[in-house]
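These are the residues of each chain, in order.
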Amino acid sequence: MKQFLTSLLGMSLLMLATISNAQTAAPSTDSTALKAYVGSYSFDSDSPVKKYTVTTEKGELYGSADDLGKNKLVRQDKADTYKSTSSYGSVITFVRDAATKAVTGFTMAIQGTELSAKKDKP
């Protein structure tokens, strides 16, 4: 009986280690995919927002409009679409080049208005 319990404990620990390793590896994969969005974006000259900066931190995406502080961007069901945790609740949909699939800009839906920005160095 003692051997059975020892074997059961050993298998349980092995399963926990495997699950832990899988969970640890996932953020780096997400971080790699998120790097496509990282960079600074410029809005049209008549826009109320001039610059928007996208960064990653611990496998999460963040956005900062001008110098107003950063807010987490939460992935939505639609591809390349994120919702800001800012009080404005803006929804950002990144735009990709059809041929290269590189992110070239985004549209931001905010308070009934849609603003467009281009990536500074795509």
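Everything quoted here is computed from the prediction, not taken from an experiment. (Residues numbered from 1 in each chain as written. Predicted model: local features only at pLDDT ≥ 70, side-chain atom pairs only at ≥ 80, totals over all residues. Heavy atoms only, no water.)

1. Section: the environment of L68
Next, step 1: Among the secondary structure elements, L68 is positioned in the loop between β3 (60–65) and β4 (70–75).
Next, step 2: According to the relative accessible area criterion, L68 is exposed, its value standing at 67%.
Next, step 3: Between the alpha carbons of L68 and Y52 there is a distance of 9.8 Å; along the sequence they are 16 residues apart. (Helix = DSSP H or I, 4+ residues; strand = E, 2+ residues; numbered from the N terminus. Buried < 20%, exposed > 50% of the residue type's maximum accessible area, 1.4 Å probe, protein only.)

2. Some remarks on the nonpolar core
Next, step 1: In terms of nonpolar packing, the biggest core is built from 19 residues, with Y37, Y41, F43, Y52, L61, F94 and F106 touching the most fellow members.
Next, step 2: Broken down by secondary-structure element, the contributors of at least two residues to this core are β1 (39–43), β2 (51–57), β3, β6 (91–96), β7 (103–110) and β8 (113–119).
Next, step 3: For this core, the leading source of residues is β7, giving 4 residues.
Next, step 4: Once residues lying within four places of it in the same chain are set aside, the contact partners of L61 are L34, Y37, V54, T55, T56, N71, K72, L73, Y82 and F94. (Core = buried A, V, L, I, M, F, W, Y, C linked by side-chain atoms within 4.5 Å. Contact = heavy atoms within 4.5 Å.)

3. Focus: the side chain of S90
Next, step 1: Here S90 lies in the loop between β5 (81–84) and β6.
Next, step 2: Judged by relative accessible area, which is 4%, S90 ranks as buried.

4. Quick notes on the packing of aromatic side chains
Next, step 1: Scanning the entire structure with this criterion turns up 8 aromatic pairs.
Next, step 2: Seen in terms of ring centroids, Y37 and F94 are 4.3 Å apart; in terms of plane orientation they differ by 35 degrees. Their pairing is tilted. With Y37 in the loop between α1 (2–34) and β1 and F94 in strand β6, this pair connects stretches of sequence that are 57 residues apart.
Next, step 3: Judged by relative accessible area, which is 4%, F94 ranks as buried.
Next, step 4: Following the ring pairs from residue to residue traces out a cluster consisting of Y37, Y41, F43, Y52, Y82, F94 and F106. (Phe/Tyr/Trp six-rings, centres within 6.5 Å; stacked < 30°, edge-to-face > 60°.)

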